[in-house]
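Architecture at a glance
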Amino acid sequence: MNVSNYKFQPELPADAVIPAREATVPKTLPKGRLARLAAPLLFAGIAGIDGLGTSIAFAALIFTGPLAAGFGMGVGVILLSCVVIALLIALRSRYPSSVGQVQEASIAILATAIAGAMAQPSLQSASEAARIDTAFAILGTSAVVTGAIFWIFGACRFGRLVRFMPFSVVAGFLAGSGFLLIQGAIMMVVGDRSLAQLLIQPLGHQALANLYIALIFAIVLTLALKNASNPVTAPLVMLAGALLFYAMLAVIGASAEQARMLQWLPSMPPTSGLQLPSPLAIVTGADWGVVAHALPAIASVALLSMVGVLLNTSGLEVATRREIDADAELRIAGLANLVAGGLGGAPGFSGLSMTLLANRMGAHARSVGIATAGVLLLMLPFASQLAGAMPTFIAAGLMLTLGFELIHDWLWGSRRQLPVSEWLVVLAIPLGMLAFGFIGGMALGLALSIVTFVYNYARLSVIRADTSGRQRRSSIDRPIAENAVLDLEGDQVQVLELQEFLFFGTVEQIIGAVRQRLADRTRLSLRFVILDFRRVSGMDAAACAAFVKIRNMLVASEVELLVCGLNKRVETALRRNGLDVVDDPTVGIERDLDHALERCEERLLASLPREVDWNDVEDYLAQTIGPNARLHDLVAAMERIDLEPGDRFIRAGEPGDDLFLLWKGRAKVEARLPDGRSLRLRTVKPGVVLGEIAIYRGGPRTADVVAEVPSTVYRLVRQQLRHLEKADPQLALLIHRLCATTLAERLTIANRVVQSLHE
C-alpha cells in the first residue's frame, strides 16, 4: 500500500511514472491454475496487513489530543474507506488488477486542516462529541467533494486539464505532505507540548524518549525497505516491533495500563466490536461553519488527488505498456469516493505501487482488489482492538517513514532534474507550510509557480521574425528593375511577425524592437512598420496598451503603421483598449502580410518609371540583361500574343515547352484545388519572365497563368531555342542569359526570405 518497494520517480515527466525497482516474487509461489488462485489471496494478505497498519496510523494522526476519544471510530471508518474504494475500483476499473487505497498525502493535509478546525472558537467550548462529529464531517466532505470533482471531470473528459498543473507545484505539495506527516507523527507522540515542557517536565522527558524510539523505528523500517525487495518486509518489521514491545513489557513486568500512562500505547484501551460513526450523527452534530472554513484544504485535497490519479494512470500505462482511459478511471474513483464520503470516510484512489506489486506476484484479475477488500473487511470488526494494542512508536514511526519517503522522492530526488528556479518552488512549498500553515504554503507555491511561469514565458520570443522589406517580399512577381529598387529601398520597411499569446511580460519585446529600429542611424530611415498578428492567439489589456504606445511612437516619428492578420478576438481587444485599427487614420490594416508588403512596395516604387515609360521590348531587355546589338533579333524570334481577361496562356498539366515574357497588363498564377476551386498563388507584373524552369527541365506545368486584364505576352517555344542553339548560338546565348538572370533574381529573393526566418 503506502509503504512498498515502488515509488514515483520525480526525474521523469509528470505523466510518465515507472517503478523504481522490482519486487521479488516469492520463489515458492505455486504454478499454473493454483498460482492464479493463490496469488490474489497471498497479495490480499500482505495488502490487508499493510492497510490495517496504515489505517491505524492515519487515525492516530487525526484523532489525537481533543479528538482522542474518536480514535477507534477513526480506525474503523478509514479501514471501511479502504474496503469501499478497493472493492468498487476492483469491480469497475479499466485495468482489472487495480488496487484502490486511501492515500497518505490526502490524510496529511486533512490532519492539518482538522487540527486547525479544532482551534476555532466555536469548537473550543463545544462538547467532545461535537468536535469528533466535525472531524468526521471534514473527512467525509473531503471524500464527497473529491468524488464529485473526479466524476465531473471524468464525465466531461477534462482529466487532461489537470496535467497543466506545473510539475514543481505537484512535487512541492507532495513534499509538503511529507513534512506534514512528520509534523503530525511528532505531535502524535509529544502532543502540543512546547520545547521547554519536553526538557523540564517529567512527562515531557517521557514524550521525548518516546519520540526517539519512534525515530529509531522509522530509521529501521526505512533501511529495511531500502535493502529488502520482498513485499512482506514492511508488515514483518511492524510485527517484529510489536512483538519486541510486548516482550519488553513482560520482562519489566509492566501492565498495558501502565504502558498507556507512559504513552507507549494509545490512550484509548482496546475495545471489542466494530466502532463506526453514524452518518446521521455527523450531519446533525457537526459544526458546518467550521467545515466550511476548511473548504480550501478540502479543495486542495481534491485537486492533488486528481493529479495523483492521473500520475498513477500514466505510470501504469508506462509500466504495463497498455493504454488506460484516464477519464474513465476518474469516474470510477469518483463513485468510490462518493460512497466512502457518505460513510464519513477518507478519500482515495487506485495506488500505483500496490497495483504493480500485485502484477509482479502474478495477480492480474479483478479478484486482486476483491480479495484485498475481503481481507480488510474481515479485519474490520477487530480494528478497534488492534488499534488499541498497536504501540504508539510503530504508528508514529510508520508516519515518519512515509513522510521521509515523500520528501526524499519529491524534494531531494527532484533537485538534479529540475532547473534551479523550479526546484526552489518545490522547496518553498513545504517551507511555507511549516511557516504559514498548509493554506499559506499552498498559496505561496501557486504564487511562486505563477511568477516562475511568467518569468520563463516572458523570456520566450513572441517575435517570430524581425525583417525588412528587402528580405521579405510580397507574392508579386516584379521585373528585375523593380526588384533592384526594392533591394535598395526595402530597408525602410520593418516587418515584425508576432506569435503566441501576448501579455504584459512579453509585449515589451515588440516595443524594444520598434524603438531599436527607429534609433538605428546606420540604416535608411524607417517609413513603414508592419505588425503581422496571424500567429497571435490573443492578448491581455497590457499588451493592447503597448500597441497604443507603439502607434503614438511611430506617429511622432512620421512612420506609417500597418497591421495585418488580425483575428476577431485580437481586433476586439485592440479596439476596447484604444486602438481602433479600422477607423484610426494613423493605422493601416490589411488582411494578411502579403497584402501589407504589396502596399509598402507600391509606395516605395511610386517614383520608378513604369512599363508605360518603356519605349519597347528591346529597351526593357537592355535594362535587364544589358545592351546588345542582337536584342532586335531576339524580339523578332519571339511571337507576340494579345490576351483578353480570363485567357489562360499557361495550363497546369501541359508540357512546359514555352517561355513567356509578360509585356503589358497583369496576370495571376493559380492552382486548381481538389474541390474545383482556384487558389491564387501570386500576381505577375509586366517585365516578368515565365516558364524558364520548365523550358530547361521539361515536364508538365504545375500551375495555371491567367490574364487578369487585357495583356500582351511574347512567347518563345523550346524547339525554336534548340534550333537557335545550332543555327545562331549568339542569339541563343541571349535567351539563356535572360533565363539565368530571372532564375538568379528569384533565387536571391528566396534565399533572403529563408535567411531572415532563421536569424
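Before reading on, note that the structure itself is shown above.
So, a few notes on the structure that sits alongside this text. What you are looking at is a predicted structure, and each value in this text was computed from that prediction instead of being measured.

**So, the overall build of the protein**
A tally of helices and strands in the protein yields 29 helices and 16 strands. Here the protein holds 759 residues, and 53% of them are scored as buried. If you sum the accessible surface of the protein, you get close to 33,100 Å²; carbon and sulfur atoms cover 61% of it.

**Details of the packing of aromatic side chains**
All chains considered together, the criterion is met by nine aromatic pairs. With centroids separated by 6.4 Å and ring planes inclined at 85°, the aromatic side chains of Phe245 and Trp264 adopt a geometry described as edge-to-face. With a gap of 19 residues between them, Phe245 in helix H9 (residues 233-252) and Trp264 in the loop between helix H10 (256-261) and helix H11 (279-285) connect regions that are remote in the sequence. Here the aromatic residues Phe217, Phe245, Tyr246, Trp264 and Phe393 are joined through ring pairs into a cluster of three or more. In this structure, Arg415 packs its charged tip against the face of Trp412, placed 3.6 Å from the ring centre.

**Brief notes about the sheet that holds strand S5 (residues 493-502)**
Read across the sheet, five strands follow the order S3-S5-S6-S7-S8 without closing on themselves; strand pairing throughout is mixed. Of all strands in the sheet, those with a lone pairing partner are strand S3 (463-468) and strand S8 (587-590), marking the two edges. Each adjacent strand pair in this sheet contributes to an overall mean axis angle of 20°, direction not counted. By the bridge criterion, four bridges tie strand S7 (residues 560-564) to S8 in an arrangement that is parallel. Note on S8: the bridge partner recorded for Val563 is Ile589. Here helix H24 (residues 593-604) sits on the sheet and contacts S5, strand S6 (528-539), S7 and S8; the angle it forms with S6, its principal contact strand, is near 175°.

**Section: helix H25 (residues 617-625)**
Inspection of H25 places Val617, Tyr620, Leu621, Thr624 and Ile625 among the buried residues, and these make up the whole buried set. Take H25 and look down its axis: the buried residues cluster within an arc of 105°, on one side only. Downstream of H25 by a residue or two, Gly626 has a phi angle that is positive, lying close to 95°.

**Looking at the sheet that holds strand S9 (residues 639-643)**
The antiparallel open sheet is built from four strands, whose spatial order is S9-S16-S11-S14. Whereas interior strands pair on both sides, the edge strands pair on one side only; in this sheet they are S9 and strand S14 (689-690). Note: S9 against strand S16 (residues 711-717), five bridges, orientation antiparallel. Residue pairing in the sheet places Ile641 in a bridge with Val713 of S16. Taken strand by strand, H25 contacts strand S11 (658-664) and S16, and its axis lies near 110° from that of S11.

**So, the environment of Gly348**
Note on placement: Gly348 falls in strand S2 (residues 348-350). As for Gly348 and Ala86, which are separated by 262 residues in sequence, their C-alpha atoms are 9.1 Å apart. Once you skip the residues sitting within four places of it in the chain, Gly348 turns out to touch Ile85, Gln101, Val102, Gln103, Phe150 and Asn337.

**Brief notes about the pattern of salt bridges**
The tally for this structure, following the rule as stated, stands at 32 salt bridges. One salt bridge connects Arg648 with Glu670, and the closest N-O pair in it is separated by 2.9 Å. Taken together, the residues Arg648 in strand S10 (residues 648-650) and Glu670 in strand S12 (residues 667-672) connect sequence positions 22 residues apart. A salt bridge links Glu692 to Arg746, with the nearest nitrogen and oxygen atoms 2.4 Å apart. Separated by 54 residues along the polypeptide, Glu692 in helix H27 (residues 692-697) and Arg746 in helix H29 (residues 729-757) bring together distant segments of the chain.

**Re unusual backbone geometry**
For residues besides glycine, phi is generally negative; the peptide bonds are generally trans as well. Its identity as a non-glycine residue notwithstanding, Arg157 has a phi of 55°, on the positive side. Summarising the element assignment, Arg157 is placed in the loop between helix H5 (128-155) and helix H6 (167-190). Residue Arg157 is classed as partly exposed on the basis of its relative accessible area, which comes to 41%. Although it is not a glycine, Gln263 adopts a positive phi angle of roughly 65°. Residue placement: Gln263 occurs in the loop between H10 and H11.

**Here we look at the nonpolar core**
Where a protein is soluble and globular, its nonpolar side chains tend to be buried together. If you look at the biggest cluster of nonpolar residues, it comprises 113 residues, and the most contacted ones within it are Phe63, Phe71, Ile138, Met399 and Trp410. For Ile138, the residues in contact, after removing those within four places along its chain, are Leu110, Ile114, Ala117, Val291, Ala294 and Ile298.

**A look at empty space enclosed by the protein**
Taken as a whole, this structure holds five cavities of 30 Å³ or more when the rule is applied. Estimates place the volume of the second largest cavity at around 140 Å³. Lining the second largest cavity we find 17 residues, and of these Ser98, Val309, Thr313, Glu329 and Ser350 sit closest to its centre. Of all the secondary structure elements, the ones that give two or more residues to the lining of the second largest cavity are helix H13 (295-320), helix H14 (326-342), S2 and helix H15 (352-360). A total of four residues in the lining of the second largest cavity trace back to one element, the largest contributor, which is H13. In the lining of the second largest cavity, the residues fall into nine nonpolar, seven polar and one charged.

**Topic: the layout of surface pockets**
Roughly 1,000 Å³ of volume is contained in the largest pocket. What lines the largest pocket is a set of 44 residues, among which Thr64, Gly65, Met187, Met188 and Gly191 lie closest to the centre. Looking at the lining of the largest pocket, the elements with two or more residues in it are helix H1 (32-62), helix H3 (104-118), helix H4 (121-124), H6, helix H18 (392-412) and helix H19 (420-459). When residues in the lining of the largest pocket are grouped by element, the largest group, seven residues, is from H6. Considered class by class, the residues forming the lining of the largest pocket number 28 nonpolar, 12 polar and four charged.

**Comments concerning a nonpolar patch on the surface**
A surface patch of nonpolar side chains, about 340 Å² in accessible area, is lined by Leu215, Ile219, Leu223 and Phe404. Among the elements that line the nonpolar patch, the one with the most residues is helix H8 (residues 202-227), at three residues. Within the secondary structure, Leu223 sits in helix H8.

**Structural notes on the side chain of Ser93**
Among the structural elements, Ser93 can be located in the loop between helix H2 (71-92) and strand S1 (100-102). Classification of Ser93 by relative accessible area gives buried; the value is 0%. At 3.1 Å, the side chain of Ser93 and the backbone nitrogen of Tyr95 are in polar contact. Within the structure, the side chain of Ser93 is placed 3.0 Å from the side chain of Glu329, a separation counted as a polar contact. Excluding residues within four positions of it along the chain, Ser93 makes contact with Leu88, Ser98, Glu329, Ile332 and Arg366.

**Quick look at the environment of Ser350**
As for its placement among the helices and strands, Ser350 is situated in strand S2. Overall, Ser350 belongs to the buried group, its relative accessible area being 16%. Excluding residues within four positions of it along the chain, Ser350 makes contact with Ile89, Ser98, Val99, Gly100, Gln103, Asn312 and Thr355.

**Focus on the packing of H2 against H14**
Relative orientation of the contacting elements H2 and H14 amounts to 150°, with a least axis distance of 9 Å. Between H2 and H14, the interaxial angle falls into the category roughly antiparallel. In the packing of H2 onto H14, the handedness of the crossing is right-handed. On the side of H2, the interface is formed by Ser81, Val84, Ile85, Leu88, Ile89 and Arg92, while H14 contributes Ile332, Leu335, Ala336, Asn337, Val339 and Ala340. A breakdown of the residues in the contact of H2 with H14 according to their chemical character gives nine nonpolar, two polar and one charged.

Parameters at a glance
Residues numbered from 1 in each chain as written. Predicted model: local features only at pLDDT ≥ 70, side-chain atom pairs only at ≥ 80, totals over all residues. Heavy atoms only, no water. Helix = DSSP H or I, 4+ residues; strand = E, 2+ residues; numbered from the N terminus. Buried < 20%, exposed > 50% of the residue type's maximum accessible area, 1.4 Å probe, protein only. Areas by Shrake-Rupley, 256 points an atom, 1.4 Å probe, with all protein chains shown as cover. Phe/Tyr/Trp six-rings, centres within 6.5 Å; stacked < 30°, edge-to-face > 60°. Lys NZ or Arg CZ within 6 Å of the ring centre and 35° of its normal. Pairing = 2+ DSSP bridges. Axes fitted to C-alpha atoms, helices over the stretch in contact; angles between N-to-C directions. Contact = heavy atoms within 4.5 Å. Arc of directions from axis to C-beta. Salt bridge = Lys/Arg side-chain N within 4 Å of Asp/Glu carboxyl O. Core = buried A, V, L, I, M, F, W, Y, C linked by side-chain atoms within 4.5 Å. 1 Å grid on protein atoms, 1.4 Å probe; cavity = no way out; pocket = protein on both sides within 12 Å on 5 of 7 lines; lining within 4 Å. Points joined across faces, edges and corners; volume = space filled by probe spheres on them. Nonpolar A, V, L, I, M, F, W, Y, C, P; charged D, E, K, R; others polar. Patch = residues over 30% accessible without salt bridge, like charges linked within 9 Å, V, L, I, M, F, W, Y side chains within 5 Å. Polar contact = N/O pair within 3.5 Å; in protein donor to acceptor, adjacent residues only side chain to side chain. Parallel < 35°, antiparallel > 145°, perpendicular 65-115°, else oblique. Left-handed = near helix turned anticlockwise from the far one by under 90°.

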